[in-house]
Amino acid sequence: MAKSVSLTVGDNSYDFPVLGGSTGPDVVDIRKFYAETGMFTYDPGFTSTGSCESAITYIDGDKGMLLHRGYPIDDLAKNCNFEEVAYLLLNGELPNKEDKETFEHDITYHTMLHEQIHNFYSGFRRDAHPMAIMCGVVGAFSAFYHDSLDITNPDHRRISSYRLIAKMPTIAAWAYKYSLGQPFIYPRNDLGYAENFLYMMYATPCEDYEVNPTLARAMDRILILHADHEQNASTSTVRLAGSSGANPFACIAAGIASLWGPAHGGANEAVLNMLKEIGDVSRIDEYVKKAKDKNDPFRLMGFGHRVYKNYDPRATILSETCKEVLDELGVKDNPLLDIAVALEKLALEDEYFIEKKLYPNVDFYSGIIFQAMGIPVTMFTALFALARTTGWIAQWNEMIEDPQQKIGRPRQLFTGQTERPYLPLGKR
Ligand code: SDX
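Every chain's residues receive numbers from 1 upward, in the order its sequence appears when written. Totals for whole chains, interfaces and linings use every residue, but because this is a predicted model, local features are given only for residues with pLDDT of at least 70 and side-chain atom pairs only at 80 or more, for both listing and counting. Excluding hydrogens and water, the side-chain values take into account all heavy atoms of the structure.

A.B. asks: Would you mind going over the environment of Asp280 with me for this structure?
C.D. replies: Helix numbers and strand numbers start at the N terminus; a helix is a DSSP run of H or I with at least 4 residues, a strand a run of E with at least 2. Checked against the element boundaries, Asp280 lands in the loop between α12 (267-278) and α13 (284-292). Side-chain polar atoms of Asp280 contact the side chain of Ser282, separated by 2.6 Å. Any pair of N or O atoms that falls within 3.5 Å is considered a polar contact. Within protein, one atom must be able to donate a hydrogen and the other to accept it, and sequence-neighbouring residues count only if both atoms are side-chain atoms.

A.B. asks: Please explain the sheet that holds strand β4 (residues 57-60) as it appears in this structure.
C.D. replies: Note: strands within a sheet are paired through backbone hydrogen bonds, in either parallel or antiparallel orientation. A pair of strands counts as paired when DSSP detects no fewer than two bridges linking them. Pairing within the open sheet is antiparallel, and its three strands lie in the order β4-β5-β6. Because the sheet does not close on itself, it has two edges, and the strands there are β4 and β6 (71-72). Where β4 and strand β5 (residues 65-68) come together, four bridges link them in antiparallel fashion. Paired with Thr57 across the two strands is His68, which belongs to β5.

A.B. asks: Would you explain unusual backbone geometry in this entry?
C.D. replies: For residues besides glycine, phi is generally negative; the peptide bonds are generally trans as well. Even without glycine at this site, Arg69 takes up a positive phi of about 55 degrees. Tracing the backbone through its elements, the reader meets Arg69 in the loop between β5 and β6.

A.B. asks: Please explain the site of the ligand as it appears in this structure.
C.D. replies: Nearness is defined per residue: one heavy atom within 4 Å of the molecule or strand is enough. Residues in close proximity to the ligand total 24 residues, the closest being His229, His305, Arg306, Arg314 and Arg388. A distance of 2.6 Å separates an oxygen atom of the ligand from a polar side-chain atom of His305. Here a nitrogen atom of the ligand sits 3.0 Å away from a polar atom, N or O, in the side chain of Tyr352. Looking at the shell around the ligand residue by residue, the classes come out as ten nonpolar, seven polar and seven charged. All amino acids are sorted into three groups, where Ala, Val, Leu, Ile, Met, Phe, Trp, Tyr, Cys and Pro are nonpolar, Asp, Glu, Lys and Arg are charged, and the leftover types, Gly among them, are polar.

A.B. asks: Please clarify how the sheet that holds strand β3 (residues 27-28) should be interpreted in this entry.
C.D. replies: Reading across from one edge, β1-β2-β3 is the order of the three strands in this open sheet, with antiparallel pairing throughout. Two strands close off the open sheet at either side, each with one partner strand: β1 (4-9) and β3. Two strands pair when backbone bridges link them, and strand β2 (residues 12-19) and β3 are joined in this way by two bridges, in the antiparallel orientation. Bridge pairing in β3 links Val18 to Val28.

Without other data, these values stay purely geometric and don't point to any function.
The following block contains the structure:
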């Protein structure tokens, strides 16, 4: 028998169907709520709202579980490369050997940027934030690819998806090179996705450059951990922008803008800045006290999560990767890591964090790894955007192909002035 919930308002009673998925919480279908009750539901921040049906990523915040198309993130991070996970997110299954080789070839052969794009970089100041450059360059793509903007055409959706996934590492690496005043390094077709990115970041035309395989593997794993994460703020931004029929390049540019915020993807940069501000293990108590003070806007960056009320599984893998990278680089003592480890220990024993279920999230350790790899702090969120582009475009494709999808158009609780007569200038 179909499940439903009843709502009684005064003398009226309304029934709304309850829908169940393959796992996770059921949902109350309130699509007819306004038509039947004359009222809106109210959920700023969408703390209790399911915005769509999706089969891509499942998170159990209480268990600290993250599945991509049913596969645990730990298994994917340990056994796959980023291209395999990108294929999985886009197509729903892990690729066989032939499909993997074809997909890797197709992505590789779209990593170059149109030569005109060089001019976009020269329009920015050398100290422009890489996220500003990525917003601008990705948004401009729709001016270059008129051959693939028909979102109702599956072939156009696929080529646009491949172009976005393939070109993000080039765009990000060139933003770094531009900040240094160094020449852009073109991608190489004999390198894998993560290796090619590090090559474009650190090679110069003056000598051969070989990417450290341990660092390439670490970067590959970091990209996997950042690839997709259900209906987070930036993914929801991409979906909402796409719901109007906007082209995929404009939608991904909107996602980049949303990710930039310090409460979201910008947190990895904010964590490093916070650790530098704390400066010494002896000052941790002072900052934990600030984080607990309701009157102090300071929050422990890299801590807390809307969904995870347990350890973010990505943070666990990243803390292991952090130690691997520091060992590989022969970094014996890293003061920022010492502060992070001590901060994590203290917070996890503190009643405030225990009661509010605040644990380290994906952004807590990633910045320390990036810094150890020589990546500047301003590039941290650009790397997050590079990886999340695959998740965004997989979710965008799913939305376009969803027969239930409509243009997103929320309503409001209006608390402003009700109708009043016009006030002439002389009477104001
Ligand atoms: C990402 O959504 C995703 O999936 C995002 C992401 C992804 O992969 O896409 O996982 C990536 O964005 C990770 C989160 C990165 N952000 C940060 O690390 C910034 C610091 N964290 C907080 O700003 C906060 O925890 C959020 C934004 C992450 C979550 O905020 P919520 O869900 O809106 O929770 P909240 O702000 O209502 O906090 C609940 C309580 C509050 O106290 P009370 O008002 O109940 O008394 O916990 C407190 C908050 O003050 N709190 C913190 C805290 N985070 C929450 N207190 C101190 N330090 C913190 N970090």
